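Residue-level structural notes
Each chain is listed here by its residues.
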Amino acid sequence: MSILCQSFPATTISPSTRSPLHIHNNKTRPAVSFTRPTPRPSIVKCRTRTHRCYCSTSTMPLASSSPLKDSLRYSRAYWVSRSIIAWDLDAVGGSCFLYSSKSAALSVAGNGIEGYDLNIELERCDQRLPENVRDKFPHIKDYKAFKVPATLDLKSILKDQLAVALFDASGQCISVTGLQLPGVIDDFFSYTGPLGAVFSNEAINLYLWAPTAQDVSVFIYNEPSGGEIALVAQLKESNGVWSGNVPRSSEGCYYVYEVSVYHPSTLQIEKCFANDPYARGLSGDGKRTFLVNLDSDDLKPHKWDDLGDEKPNIADFSDISIYELHVRDFSANDPNVHPEIRGGYLAFTSQDSAGVLHLKKLSDAGLTHIHLLPTFQFDDVDDQKENWKFVDTEMLESLPPDSAEQQEYITSIQNEDGYNWGYNPVLWGVPKGSYATNPNGPSRIIEFRKMVQALNRIGLRVVLDVVYNHLHGSGPVGDNSVLDKIVPGYYLRRNTDGFIENSTCVNNTASEHFMVDRLIIDDLLNWVVNYKIDGFRFDLMGHIMKSTMMKAKSVLNNLSMDKDKIDGSSIFLYGEGWDFGEVANNGRGVNASQLNLGGTGIGSFNDRIRDALLGGSPFGHPLQQGFLTGLSLQPNGHDHGTKANAARILALSTDHIQVGMAANLKDFVLTNCDGQEVKGSEIPTYGGSPVAYATQPVETINYVSAHDNETLFDIISLKTPMEISVDERCRINHLATSIIALSQGVPFFHCGDEILRSKSLDRDSYNSGDWFNRIDFSYNSNNWGVGLPPKGKNEKSWSLIKPRLASASFKPNKSHILSALENFQNLLLIRYSSVLFRLRTANAIQERVRFHNTGPSHVPGVIVMSIEDGHEGVPGLTRLDPIYSYIVVIFNSCPTDISFASPVLCGKALELHLVQMMSTDNSVKNSTYDPSTGCFSIPSRTTSVFVEPRNI
């Protein structure tokens, strides 16, 4: 559709001169007509993070002397479909009216609502809300239903300020509230057509879904900031979509939408200036959308279109292993990387850098996937590097290892440096500008593609960490608010009072709404089709609806090499399936939580095995011990109860670990520590929910550390007794990674697990700068003892941390680091030496995997696992592995050598795996097996792999 376009000189019109209100930030914005209390800090109560919650809870109005005066500040009624409004009322009789005001002039005065353009009586329904409404909005399933007249012009009235009021039989107004509109918006305005900027030979067509907007214009600029407005265009609306075209020559320019819309947070018609939700590029300051055609050959690296054919082969998702990495961490400390690209996308193309050489070692050993922490456009790191602040690292290095000074310097600039994990999304579909050499123009796009291409070419597929569960900004002002400026009250999930839910941290999104679901799917397609991404890790996936995840899986799976140059069947999805907040127990619909994902083929992190291995949980006492860290066998002085209680916890933890090693399958049967045969789902966690929930191996992501909480080496150093040696801590580190590497399911490793990485005991380094997050791929240091970790999240543990950092006995040297790396590479080589470590079905695991050190007489601190294969021409199990017919793995977490004998394991032709025989680990070489007795002797804190070679 063509629209009227006019050129204007800079002095004629601009967003700031049109609406001076919007040049203010949240702190200086003119006050609206009511007051709000000071926001309180939000605490996320989920299993793996309390980080990055520098945010506010839903803002609630202050109490008023009049029971109705402040009622419009709430939105307690729901317009759930074209014909129904739902309201939680107990009153019988009387009448209910709907009010609207195009100018947002509604107010409560006298005995009802004033300032309205229209008021309509609603018909009370005696029946329950319809089933489809109850399914979509289960949290209001018992609300009363009121029928909206069929003659009402919804297209017009939904752009107004709206309210409902209830009057008793005497005509007295007894209740007033605003309305939440996502239900009726979905019913009336769901849309599947084009959105964003669509390029043709003749023009660029712009499409913006904004059904509640009263007016939309687009401002075109030639420059990323400042400069004259080149064009102002008025968009036209059709069924909630505003569209128009601009000249094809506008490619490479920048644009901003001006949206006039009623905003429930201010009770006013606001003129909001916003980026395009479907932006594919941005200006360096993030305030303008870059008009870019991602199909342009100028934006494609050499042979980019052929990358689909070059990708490393993945025969089955069970073959995946994942390595989690932050883009800046990877090279910020690498002197072999040119300073201009250090800490950014292009560092991955620096083939001779220490980091790339390290990744090649892991890839050569079998690692398949690199998981990148957020790389979309996020807040709290300025994309313009000239604005960053730095601390003198030479000065920091001169300070004592347990000093509080380092963290003081780092935290003094932590919101003005170049570091943040990035879990504060602004725009999902644009690469982060701070990782590019130039945040303006197409550099971030080209360099991101070069990074993906470079990683694929060294044998590594790329996973993106996506954060669809929340947005960093909301409201009608502020650069970080986008979606809530365009369709206020729709994209963000609200509570029953009408205020934004913040259980994820801030501004929870609502994927149960049609166009939020669509935006997520479209964004995934953007990353796969335009950047050839191989998988996605969903942050707080439990806050996303299961239906969205299933649709995503189906849509991506339908991509093909012939049509899209992408093999969609190779794209792996996994995430955090924690079940908490307003979505817990399917409170907003069936969510993508651990217990709901069985049978989907979508992976979720297995926190059960992590907690059992390390002890406690990230939210428990830091000295709580587990299977690896000395529980019962080498106490650290923390009160674990009686000796019998500690031993009991260790036995139960061992059950949890064994179930996890069997891919956490809910129907996997094993003998528990009490000698009973039970299914994985029949073993309870300490909170009472089942340990096992998966129905397929790939639905379990086994891990012992991630970016959240302390690094693996740090948490081991914290939980183990002070007096043990650094050699022993290093062996425990290796033991931990061996359990993850040799389990069924998908193994997941945090970058640095393999080289004893330390963050100086920082439990939440999301904003701790390069200093605490440093990683050294030259293997000279593991970053231990670089000062007390930042006060904000760590001070309560400083008394435990300080003596550990001060003791030289805790710090590993280069030989420890190199040994850890070799051991990790060997674990990958062993995992990929036999398909038996990567069984593809639940049935195969149940038939072939056994645990032998079980029941009441088990040896504490020891796990004995066997994996059996069939033989050609012999009835029973089919043959999967042409090299090995039987494998036994023994994990000894004890501080002493152990012997274990089992009659089931007698008479085997077992020998130590060749990789371990050839290693420099002299301890593992002392592992022995006696076939006459079935007795194994295993050194302390050692994982030994025995294999039975076939007679080939």
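Structure: see above.
Residues numbered from 1 in each chain as written. Predicted model: local features only at pLDDT ≥ 70, side-chain atom pairs only at ≥ 80, totals over all residues. Heavy atoms only, no water.

**Details of the overall build of the chain**
A count of helices and strands for the chain gives 25 helices and 39 strands. Here the chain has a C-alpha radius of gyration of 30 Å; the compact-globule value for 952 residues is 30 Å, and the two agree. Principal axes of the C-alpha set define a box for the chain whose edges measure 95 × 65 × 60 Å. Evaluated residue by residue, the chain yields a buried proportion of 62% over its 952 residues. Within the chain, residue pairs in contact and separated by at least 24 positions form 74% of the contacts whose partners lie at least 6 positions apart. Here the chain displays about 34200 Å² of accessible surface, and carbon together with sulfur accounts for 50% of that area. Computing the positive centroid from 86 side-chain charges and the negative centroid from 105, the chain places the two 2 Å apart. (Helix = DSSP H or I, 4+ residues; strand = E, 2+ residues; numbered from the N terminus. Rg over C-alpha atoms; globule rule 2.2 N^0.38 Å. Buried < 20%, exposed > 50% of the residue type's maximum accessible area, 1.4 Å probe, protein only. Contact = heavy atoms within 4.5 Å. Areas by Shrake-Rupley, 256 points an atom, 1.4 Å probe, with all protein chains shown as cover. Lys, Arg positive; Asp, Glu negative; His and termini not counted. Charge placed at Lys NZ, Arg CZ, Asp CG, Glu CD.)

**Some words on the sheet that holds strand 37 (residues 928-930)**
Taken in spatial order, the three strands of this open sheet run 35-38-37, and their pairing is antiparallel. Sheet topology places strand 35 (898-901) and strand 37 at the edges, where each strand pairs with a single neighbour. Going from strand to strand, the sheet's axes swing by 15 degrees on average, the running direction of each strand aside. With three bridges joining them, strand 37 and strand 38 (residues 935-938) adopt antiparallel strand pairing. Directly across from threonine 928, in strand 38, lies its bridge partner serine 937. (Pairing = 2+ DSSP bridges. Axes fitted to C-alpha atoms, helices over the stretch in contact; angles between N-to-C directions.)

**Comments concerning the packing of helix 15 (residues 607-614) against helix 16 (residues 643-661)**
Relative to each other, helix 15 and helix 16 sit at 140 degrees, their axes nearing to 8 Å. By the criterion of interaxial angle, the relationship of helix 15 to helix 16 is oblique. In this structure, the crossing between helix 15 and helix 16 has a hand that is left-handed. Only Ser653, His656, Ile657, Gly660 and Met661 of helix 16 make contact with helix 15, whose side of the interface consists of Ile609, Ala612 and Leu613. Looking at side-chain class alone, the contact of helix 15 with helix 16 contains five nonpolar, three polar and no charged residues. (Parallel < 35°, antiparallel > 145°, perpendicular 65-115°, else oblique. Left-handed = near helix turned anticlockwise from the far one by under 90°. Nonpolar A, V, L, I, M, F, W, Y, C, P; charged D, E, K, R; others polar.)

**Some points on the packing of aromatic side chains**
For the structure shown, the criterion picks out 40 aromatic pairs. Pairing phenylalanine 188 with phenylalanine 189 gives two aromatic rings, centres 4.8 Å apart and planes at 85 degrees, and the pair type is edge-to-face. The structure contains a cluster of three or more aromatic residues connected by ring pairs, namely Tyr345, Phe376, Phe378, Tyr435, Phe448, Trp527 and Tyr531. Directly above the aromatic system of phenylalanine 378 lies the positively charged group of lysine 432, at a separation of 4.6 Å from the ring centroid. The ring of tyrosine 531 is capped by arginine 449, whose NZ or CZ atom sits 5.4 Å from the centre of that ring. (Phe/Tyr/Trp six-rings, centres within 6.5 Å; stacked < 30°, edge-to-face > 60°. Lys NZ or Arg CZ within 6 Å of the ring centre and 35° of its normal.)

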